[in-house]
Amino acid sequence: SREPVGPHFSAARLRCMTVATKEVRTVTDVVEDPEGGFPGLYLTSLPKRCWYTDSEIVLSTDWTMDEALVRININDGTVD
């Protein structure tokens, strides 16, 4: 999800919903100050086949001046 204000291609947060309970939680939030680490998600939509395992997705995002593949664990939010 994205905030409805700001630049056209701003950072996004990854959210996950548990179907049984309809609980929605944030997996990765917008990164305000990356300090050389993961800068956040910059993408327009999730790829159709992004699931790597039952608990991990792989997608591409802008990372400084390059595009990088990242693997995100939807259970704990770790990014590799």
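So, how was this worked out
- Residues numbered from 1 in each chain as written.
- Predicted model: local features only at pLDDT ≥ 70, side-chain atom pairs only at ≥ 80, totals over all residues.
- Heavy atoms only, no water.
- Helix = DSSP H or I, 4+ residues; strand = E, 2+ residues; numbered from the N terminus.
- Contact = heavy atoms within 4.5 Å.
- Areas by Shrake-Rupley, 256 points an atom, 1.4 Å probe, with all protein chains shown as cover.
- Polar contact = N/O pair within 3.5 Å; in protein donor to acceptor, adjacent residues only side chain to side chain.
- Pairing = 2+ DSSP bridges.
- Axes fitted to C-alpha atoms, helices over the stretch in contact; angles between N-to-C directions.
- Core = buried A, V, L, I, M, F, W, Y, C linked by side-chain atoms within 4.5 Å.
- Buried < 20%, exposed > 50% of the residue type's maximum accessible area, 1.4 Å probe, protein only.
- Phe/Tyr/Trp six-rings, centres within 6.5 Å; stacked < 30°, edge-to-face > 60°.

Turning to the overall build of the chain, a few remarks are in order. A count of helical and extended segments in the chain gives zero helices and five strands. When the helices and strands of the chain are listed from N to C terminus, the series reads β-β-β-β-β. Pairs at least 24 residues apart make up 27% of the contacts formed inside the chain by residues separated by at least 6 positions. Accessible surface computed for the chain: about 5,900 Å², of which carbon and sulfur atoms make up 52%.

For Arg-13, the location among the structural elements is in the segment before strand 1 (14–18). A distance of 2.9 Å separates a polar atom in the side chain of Arg-13 from a polar atom in the side chain of Asp-29.

Attention now goes to the sheet that holds strand 4 (residues 56–63). Backbone-to-backbone hydrogen bonds join strands into a sheet, with any given pair of strands oriented parallel or antiparallel. Read across the sheet, three strands follow the order 3-4-5 without closing on themselves; strand pairing throughout is antiparallel. The two strands at the open ends of the sheet, each matched to only one other strand, are strand 3 (51–53) and strand 5 (66–73). Strand-to-strand twist of the sheet, defined as the mean angle between neighbouring strand axes without regard to direction, takes the value 40°. Where strand 4 meets strand 5, eight bridges bridge the pair, whose relative direction is antiparallel. Residue pairing in the sheet places Thr-61 in a bridge with Ala-68 of strand 5.

This brings us to the pairing of strand 1. Where strand 1 and strand 2 (residues 23–28) come together, five bridges link them in antiparallel fashion. Paired with Leu-14 across the strands is Thr-28, a residue of strand 2. Between strand 1 and strand 2, which pair antiparallel one after the other, the connecting turn spans four residues, and Lys-22 there sits at a positive phi close to 60°.

Counting twelve residues, the largest nonpolar core is built from Leu-14, Cys-16, Val-27, Phe-38, Leu-41, Leu-43, Cys-50, Ile-57, Leu-59, Val-70, Ile-72 and Ile-74. Of all the elements in the fold, those that place two or more residues in this core are strand 1, strand 4 and strand 5. Sequence-distant contacts of Phe-38, defined by excluding residues within four places in its chain, comprise Val-31, Trp-63, Val-70 and Val-79.

Turning our attention to the packing of aromatic side chains. This model, assessed by the stated rule, comprises one aromatic pair. The interplanar angle of 65° and the centroid separation of 5.7 Å between the aromatic rings of Phe-38 and Trp-63 together place this pair among those described as edge-to-face. Of this pair, Phe-38 sits in the loop between strand 2 and strand 3 while Trp-63 sits in strand 4, and the two are 25 residues apart along the sequence.

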